[in-house]
Each structure stands twice: as structure tokens, then as C-alpha cells.
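Descriptive analysis of the structure
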Amino acid sequence: IFLDLDNFKTINDSFGHAVGDLLLKAVASRLGECMRDCDTICRQGGDEFLLVLGNVLNADAITAVTEKLLDALAATFEIEGNELSTSTSIGIAVYPDDGRDIETLLQRADTAMYHAKEAGRNAYSFFTEQMNIDAVEHHRTRVGLLHALHRGEFRLNYQPQIDLATGAVVGAEALIRWNHPQRGELAPDQFITVAEDSGLIVPIGDWVLREACRQAAAWRSSGLPQLVVAVNVSAIQFTRGDLEASVRTALEESGLPPACLELELTESILIQNTEQVLQTVQRLKSLGVMLSIDDFGTGYSSLAYLTRFKVDKLKIDRSFVCDMENQPNNALMVRAIIQMAASLNLKTIAEGVEDEELVDFLRHQHCGEAQGFYFSHPMPAIEFANYLVRDQAVAA
């Protein structure tokens, strides 16, 4: 059983290492009270403990001990006059099913422990072979991402954004694709999580900004209509990168007017480290770029941050838009978002629009813009340029 304390670093940083050490001793004492004479307990290092249970008959017996461990650590600790609380994430590997040597069992218990953390912490998880497959795939994807930028394996597709009042193309969302040498074209949901976990999303995000701005400027130079190009920004780019410098560099290198760049932020970005994020957002606004909230309504939605951060547009999440026929409350949600945005002088754009009935509904509700398969799938840059030319011809 591999056991890792949740958020121990926060206690160490807040109360000091001396208090942290005393907490570790108190945790060890409680763990010891849950063990039998035939069991072994040791501290692996940091806030990690390893327990070896001998002579257990089945998984139910292991589960009973594990739940006892969770319960033992649930009560608060009194340390140096401080009432402290911690929880634990537990991974379990069983001999001989999960391994026949200590190294394999340790590695697999560790893998299961991280699975428990990802499941919300204060939990336990038995190792499964699928976890090992996922862990190996995660590692391969991470290694591949390390080389993908240098090898030029990324490209951008562009999905048109339509003004519902006029039918004109007014923008394009830049969507990254990875041309993997063995697996073919990969969509973002197949590698972005790994990029964020590893921090590689920062250099990848920088590339996306530069390439999207370069392409938008190239379209303008060729005589195509002026468009706003929208780029998704990860929360990791806010916390680990220098987003302001990245945006400034992308605009200067491309010559694209700042008003033609829109940064799509998630709600989670704006509710973490608010003052720091506020300062960054204010500097970005001072550059003249546009700001929109992506997937609006699916996270922590607050009128306060909409006004405080001075965003320009709300993007109504596809989960509300694409299933209004079967989910009547979705129509109410979409209508409410549009009306609220109008009262705050914010633009609205609906994503996931796939049929004419949705277009008519959104237009009737005075939604400003829309994008989705009804208008077009995301396209490589050259196809998008041809799409714009055809749109011009129709308009003429």
C-alpha cells in the first residue's frame, strides 16, 4: 500500500518544517495503530509511506484495512497549538497478480496512488493493467511532445465564426492538430492534458500564438477580409509562462493589429490567484487584444469577474447549444446567457451549432455570432482561405 499525504506542502509552507515534521510523526503513529504485528510500515520519504500487509485472504480484507487508514487520518491533528487537517491518497498493488518482485509492486502501487489523486484525493485505488497501459501511453505522448515542436509536427486548423445578423465570416478559431509520425493526426483531447501536466503547453501555446497571428496577417496581406483570430489559452500559460510577452512577440513578429487577436480564457483562470491574473489581464487589454470566456456556464460563473476583468465576449458552451431539443432547460440557459451578456454590453458566440433550426433560434434570441459544423468543420489554412473567397463571392 503506497500512501501519500494530500496537500502536505501547504502545511509545511504555512506552519514551518518543524510543525510539518511533528505532523508526519503523528500520522505515522495513527498508521501504526491500524497495523497488525505481521504488517510492516515505513516512511519512504517526504510525505510518502509504504505499508506491507501479509497474510491477507482477499481484496475485501485489503479494502477494510485501507478504509480504516482513511478514517484514522480523517480526524484533525493538534500540533504545537495548531489544529491541522490532512487526507491521503492510497494506491494498492497485490502480489502476485500485480507483480512478483518489489520493484514492480512499488511502481504499480505508486501508479494506483496517482490514480486515486486524480479521482479527487482522500481515496484509494487498486492497480489495474489499464492504469499501466495509460501510464505508458502518457509517457510516450510526453516524449513525443518534446520532439513535436522541433520537428514541425503541429499545425493549426481554423473554424469560421459567423455574424448571425449578416451571415458574414467575422472570425476564426485556431485549433491545434498534431501530425504524429506513427499515429496520424491527433485532436487536442488526445494530447493537451499531457502537455499541461508536463508544462510543455507553455512552448506549444507560444507556437500557437505566433502561428495564428502570422496566418491572420498573411490573409490580410492577400486581400482577404479582416478577421479576428481566436486562440485558446491554458491556465498553465498564466501560471508558468509569460503570456504578456508571448502575445506581444506574436503581434510584433506578424504585424497583426492587436484588435484582430482574441484570447479565449477559461473561467478557472479568472478565479485562481485573482490579483495576479487581474494584473496580467489588464496588461493584455492595454495591448488592445480581445478577451473572451470559453465554455461559459460550465464552470464557476460570476458576474463580478465579468465586469472586473473587462472581458469582451462570452462563448456559450456546446453542451447547452447542441442538445436543446432533448434538454428544454438548455434553451433557457442559452437565452439567459445572451440576455445577461447584452445587459453587460458583452458579445456572445455560440459553439456547436449543427443545424438551421439552431441558427434560427440563436438569431431570434439576438446571439451575436456562431460557429459549428452547420457552417464548416475546422479547416487547414489554405482551405479556410478558399472558404473566405467563396463567402466573398456569395456576398457580392
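The coordinates are above.
These lines cover the structure that appears in this document, whether it is placed above or below.

Here is what the cut-offs are and how they apply
- Residues numbered from 1 in each chain as written.
- Predicted model: local features only at pLDDT ≥ 70, side-chain atom pairs only at ≥ 80, totals over all residues.
- Heavy atoms only, no water.
- Helix = DSSP H or I, 4+ residues; strand = E, 2+ residues; numbered from the N terminus.
- Buried < 20%, exposed > 50% of the residue type's maximum accessible area, 1.4 Å probe, protein only.
- Contact = heavy atoms within 4.5 Å.
- Expected span 1.5 Å × (residues − 1).
- Bend = angle between axes of the 7 residues up to and from the residue.
- Core = buried A, V, L, I, M, F, W, Y, C linked by side-chain atoms within 4.5 Å.

Here's the deal with the side chain of Glu369
- Inspection of the secondary structure puts Glu369 in strand 16 (residues 369-370).
- Given a relative accessible area of 11%, Glu369 falls into the buried group.
- Here Glu369 is in contact with Gln161, Ile162, Asp163, Leu164, Val170, Lys313, Thr348, Ile349 and Ala350, once residues within four sequence places are set aside.

What about unusual backbone geometry?
- For the bond running from Tyr95 to Pro96, omega is 0°, close enough to zero to count as cis.
- With respect to the helices, strands and loops of the structure, Pro96 is situated in the loop between strand 6 (87-92) and helix 4 (102-118).
- Located in the positive-phi region is Arg121, a residue other than glycine, with phi close to 70°.
- Inspection of the secondary structure puts Arg121 in the loop between helix 4 and strand 7 (123-126).
- Its identity as a non-glycine residue notwithstanding, His366 has a phi of 70°, on the positive side.
- For His366, the position within the fold is in the loop between helix 15 (356-364) and strand 16.

Here's the deal with the side chain of Glu351
- Looking at where Glu351 falls in the secondary structure, it is placed in the loop between strand 15 (347-350) and helix 15.
- For Glu351, the residues in contact, after removing those within four places along its chain, are Asp294, Asp295, Lys315, Ile316, Asp317, Arg318, Val321 and Gln371.

Observations regarding helix 5 (residues 129-151)
- With 23 residues, helix 5 extends 32 Å from end C-alpha to end C-alpha; this agrees with the ideal 33 Å at 1.5 Å per step.
- Along helix 5, the helix axis deviates most sharply at Leu145, where the bend reaches about 25°.
- Against helix 4, strand 7, strand 8 (154-163), strand 9 (169-180), helix 6 (192-198) and helix 7 (201-221) lie the buried residues of helix 5.
- Once helix 5 ends, the next one or two residues include Gly152, with phi positive near 70°.

What about the nonpolar core?
- Membership of the largest hydrophobic core comes to 85 residues, with the highest contact counts inside it found for Val247, Leu261 and Leu263.
- No other element matches the eleven residues that helix 7 contributes to this core.
- Filtering out sequence-adjacent residues up to four positions away, Leu261 remains in contact with Leu209, Cys213, Val228, Val229, Val231, Val247, Leu251, Leu256, Val289 and Met290.
- Ala26, Val65, Leu73 and Phe77 belong to the second largest nonpolar core, which has 27 residues in total.

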